[in-house]
Amino acid sequence: MKIAVVGTGYVGLVTGTCLAETGNQVTCVDINEKKVEMMKNGKVPIYEPGLELLFNRNINQGRLHFTSNLAEAIEEAKIIFMALPTPPGGDGAADLSYVLGAAKDIAKLMKEYKVIVTKSTVPVGTADKVTAIMKENTNQEFAVVSNPEFLREGVAVDDFMKPDRVVIGTTDERARKLLGELYGPYVRQGNPIVFMDERSSELTKYAANSFLATKISFMNEIANLCELVGADVDMVRRGIGSDDRIGKRFLFAGIGYGGSCFPKDVQALAKSSEENKYDFKILNAVMDVNEIQKKVLVEKVKKYFKGDIKGKRFAMWGLAFKPETDDIREAPALYIIDELLAAGAQISAFDPEAANNVKALVGDKITYAKDQYDALKDADALLIVTEWSLFRTPDFTQVEELLKNKVIFDGRNLYDLQKMIDCGFYYNSIGRKV
Ligand code: UGA
């Protein structure tokens with residue numbers, strides 16, 4: 001099939017590349033000409049494991065193309081995916097100007113029936129708005145489809161190639177058939193393509209992310225309670241997770257959820273509920289808990305040092321909001337850095353991918369270590385912020401030698417509690433005994 005993808009951000013690039021992988025002819029279009037040139041030369045502008053291989057394979061085999069010319073991209077395309085930014089506007093609601101602007105441009109260029117698919121996370125009712133603006137600008141027939149993405153950064157290629165489900169929101173029969181065919185190769189193991197109307201599909205995306213965020217905030221509260229009653233959150237997690245109705249995944253207590261999706265989507269759903277005069281009580285609690293949880297690690301540090309951390313030096317392992325990404329949007333690390341610096345502490349940080357992004361934001365207010373052990377030199381304590389695999393089995397003899405004190409604050413519960421006690425570390429993690 002001939003496909004166009006408008007917008008080559010994270011979602012657009014993964015979508016375009018993975019659609020080419022099953023033999024479709026895909027043209028990705030972006031207004032940024034420099035970026036288009038870069039991609040034509042086989043350079044992937046984002047860090048995403050596994051993407052580069054597929055990206056170059058499909059370029060070399062002539063299935064993946066790039067252009068800055070919208071007309072050229074959509075001319076022969078049957079299906080046009082819009083993967084455009086929907087940043088939060090001043091009032092917290094998603095800003096739709098990119099999506100509506102592109103819809104208008106596409107409508108003006110259309111010479112035949114086309115299917116316009118919204119991949120961006122958009123508020124309920126957006127498909128209707130896109131339809132209205134297109135109707136004003138073309139006499140051709142078209143269908144506007146909501147097809148939310150459920151890609152996790154770091155495993156996005158796998159999530160696209162083997163999705164748990166594909167959600168397609170459309171009441172147009174032709175569009176339904178075309179998208180069913182397009183996604184067929186990705187659900188061969190029998191995972192469902194769930195067809196529904198546009199509004200339900202738009203809401204599904206917010207509901208999925210908000211439900212997952214709720215799971216996390218719930219477990220963070222259980223962890224806080226565990227500390228007070230002397231229970232262990234990891235035991236509780238295993239105890240409840242083996243019940244199929246609850247499920248094992250996404251039950252890890254930590255230092256709050258971050259990233260470009262959960263915080264934004266929970267907020268947007270709360271906002272849209274408010275606009276519809278519905279008081280979505282759980283969502284407000286989920287957000288409140290997350291704000292508190294981002295502070296937990298610094299609180300623990302301050303308590304240990306009796307409120308005085310001025311002049312103390314802290315090693316930080318991890319900056320990205322989660323492993324396998326260089327993304328620091330809404331990363332708990334940024335909050336921790338701010339708080340520690342404000343209290344007069346020094347920080348030496350190491351992250352395998354995200355250090356440059358943090359440097360661009362906070363500059364030389366902290367030091368950037370060349371590896372995880374380099375970060376430990378003369379530090380009063382180690383703070384574990386992101387659960388990169390690299391940090392899971394460190395050489396504890398080196399850790400002990402390099403640190404000034406044998407003190408670890410672990411925001412991700414990476415180590416066995418008994419082992420740490422046996423090694424003589426002061427080890428303070430989340431929802432477990434100290
Ligand atoms: C999330 C969803 O998982 C994807 O399905 C969705 O497509 C995507 O948002 C999106 O809307 O684009 P992502 O933001 O990449 O994906 O990251 P997750 O792996 O979901 O992690 C989100 C946050 O939750 C991280 O800060 C992570 O540390 C935290 N988390 C996750 C926990 O604190 N505990 C857990 O058990 C799981």
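The name recorded for the protein in an unreviewed UniProt entry is UDP-glucose 6-dehydrogenase, from Mucilaginibacter ginsenosidivorans. What UniProt records for the protein under Function (unreviewed entry) is the sentence "Catalyzes the conversion of UDP-glucose into UDP-glucuronate, one of the precursors of teichuronic acid."

Asks: Is there a simple way to explain the packing of helix 12 (residues 281-304) against helix 13 (residues 332-342) in this structure?
Replies: Helices that pack against each other are described as a pair by the angle of their axes relative to one another and the distance between those axes. Relative orientation of the contacting elements helix 12 and helix 13 amounts to 45 degrees, with a least axis distance of 9 Å. Compared by their axis directions, helix 12 and helix 13 come out oblique. Taken as a pair, helix 12 and helix 13 cross one another with a handedness that is right-handed. Of the residues in helix 13, those touching helix 12 at Lys 294, Leu 297 and Val 298 are Pro 332, Tyr 335, Ile 336, Glu 339 and Leu 340.

Asks: What is the right way to read helix 10 (residues 233-241) from this model?
Replies: Structural remark: α-helix, 3.6 residues per turn; residues separated by three or four positions point the same way. For helix 10, every residue scored as buried is listed here: Val 233, Asp 234 and Arg 237. Relative to the axis of helix 10, the buried residues are bounded by an arc of 100 degrees and lie together on one face. Residues of helix 10 that are exposed and point over 90 degrees away from its buried face: Met 235, Arg 238 and Gly 239. Tucked into the core, helix 10 has its buried residues touching helix 9 (198-229).

Asks: Help me understand the UniProt feature "binding site: substrate" (unreviewed entry) in the protein in this model?
Replies: Feature annotation in UniProt places "binding site: substrate" (unreviewed entry) on Phe 150, Leu 151, Arg 152, Glu 153, Lys 205, Phe 250, Leu 251, Phe 252, Ala 253, Gly 254, Gly 258 and Lys 322, given in this structure's numbering. Look at the named residues: they lie 173 residues apart in sequence, and the longest C-alpha span between them is 23.7 Å, so in the fold they stay spread out. On the secondary structure map, Leu 151 appears in the loop between strand 6 (142-146) and helix 7 (156-161). Given 21 C-beta atoms within 10 Å, Leu 151 falls into the buried group.

Asks: Can you walk me through the site of the ligand in this structure?
Replies: Inspection of the region around the ligand gives 20 residues, with Glu 153, Phe 252, Tyr 257, Gly 259 and Cys 261 positioned closest. Formed jointly, the shell around the ligand draws a minimum of three residues from each of two domains, domain 1 (2-196) and domain 2 (215-428).

Asks: Help me understand the sheet that holds strand 14 (residues 426-428), please; the structure alone is not making it clear to me.
Replies: Hydrogen bonding along the main chain pairs the strands of a sheet, whether they run parallel or antiparallel. On the basis of which strands lie adjacent, the open sheet formed by 6 strands has the order 11-10-9-12-13-14 and parallel pairing. This sheet does not close on itself; its edge strands, each paired only once, are strand 11 (367-368) and strand 14. Two elements, strand 9 (residues 313-317) and strand 12 (residues 381-384), share 4 bridges in a ladder whose sense is parallel. Within strand 12, the position partnered with Phe 314 by the bridge is Ala 381. Packed onto the sheet, helix 12 meets strand 12, strand 13 (407-410) and strand 14 and runs at close to 155 degrees relative to strand 13.

Asks: How should I be thinking about the pairing of strand 1 (residues 2-6) in this particular structure?
Replies: Burial analysis of strand 1 places 4 of its 5 residues in the buried class, the great majority of the element. Two strands pair when backbone bridges link them, and strand 1 and strand 2 (residues 25-29) are joined in this way by 5 bridges, in the parallel orientation. Considered in strand 2, the bridge of Ile 3 is made with Val 26. Across 4 bridges, the pairing between strand 1 and strand 4 (residues 79-82) is parallel.

Asks: I keep staring at the domain arrangement of the protein and nothing clicks. Help me out?
Replies: One frequent convention defines the size of an interface as the accessible area lost when the parts assemble. Segmenting the protein into domains produces domain 1 (2-196) and domain 2 (215-428). Domain 1 puts 11 residues into the contact, and the matching count from domain 2 is 14 residues. In terms of residue class, the side of domain 1 that touches domain 2 is built from 7 nonpolar, 3 polar and 1 charged.

Asks: Help me understand unusual backbone geometry in this model?
Replies: Here Asp 378, not a glycine, exhibits a phi torsion of approximately 60 degrees, which is positive. At Asn 413, a residue that is not glycine, the phi angle is positive and equals roughly 50 degrees. Summarising the element assignment, Asn 413 is placed in the loop between strand 13 and helix 16 (417-422). Asn 413 gets classed as buried once you count the C-beta atoms within 10 Å, which come to 21.

Asks: In this structure, what is going on with the packing of helix 9 against helix 12? I would like to understand it.
Replies: At a closest axis distance of 9 Å, the pairing of helix 9 and helix 12 adopts a crossing angle of 55 degrees. Between helix 9 and helix 12, the angle falls in the class oblique. In this structure, helix 9 meets helix 12 at a crossing whose hand is left-handed. Of the residues in helix 12, those touching helix 9 at Ser 210, Ala 213, Thr 214, Ser 217, Asn 220 and Glu 221 are Ile 282, Leu 283, Val 286, Val 289, Asn 290 and Gln 293.

Asks: Would you explain helix 1 (residues 10-21) in this entry?
Replies: Taking 1.5 Å per residue as the helical rise, helix 1 with its 12 residues ought to reach 16 Å, and the 17 Å between its terminal C-alpha atoms agrees with that figure. Within helix 1 the residues assigned to the buried category are Tyr 10, Val 11, Gly 12, Leu 13, Val 14, Thr 15, Gly 16, Thr 17, Cys 18, Leu 19, Ala 20 and Glu 21. Each element contacted by the buried residues of helix 1 is listed here: strand 1, strand 2, helix 3 (51-60), strand 3 (64-67), strand 4 and helix 7. Positioned one or two residues after helix 1, Gly 23 has a phi angle of 100 degrees, which is positive.

Asks: Can you help me understand the pairing of strand 7 (residues 166-169) in this one?
Replies: For a regular strand, side chains alternate in direction, first toward one face of the sheet and then toward the other. Burial along strand 7 is two-sided: Val 166 and Ile 168 and Val 167 and Gly 169, pointing in opposite directions, are all buried. With 4 bridges joining them, strand 7 and strand 8 (residues 193-196) adopt parallel strand pairing. Directly across from Gly 169, in strand 8, lies its bridge partner Met 196. In this region the chain leaves strand 7, passes through helix 8 (residues 173-183) and returns to the parallel neighbour strand 8; the handedness of that crossover is right-handed.

Parameters and conventions
- Residues numbered from 1 in each chain as written.
- Predicted model: local features only at pLDDT ≥ 70, side-chain atom pairs only at ≥ 80, totals over all residues.
- UniProt positions renumbered as here; feature names shortened; annotations may be inferred.
- Axes fitted to C-alpha atoms, helices over the stretch in contact; angles between N-to-C directions.
- Helix = DSSP H or I, 4+ residues; strand = E, 2+ residues; numbered from the N terminus.
- Parallel < 35°, antiparallel > 145°, perpendicular 65-115°, else oblique.
- Left-handed = near helix turned anticlockwise from the far one by under 90°.
- Contact = placed C-beta atoms within 7 Å.
- Buried ≥ 20, exposed ≤ 12 C-beta atoms within 10 Å, placed from the backbone.
- Arc of directions from axis to C-beta.
- Near = placed C-beta within 6 Å.
- Domains from an automatic or database assignment.
- Pairing = 2+ DSSP bridges.
- Nonpolar A, V, L, I, M, F, W, Y, C, P; charged D, E, K, R; others polar.
- Expected span 1.5 Å × (residues − 1).
- Right-handed = clockwise from strand over helix to strand, strands pointing away.

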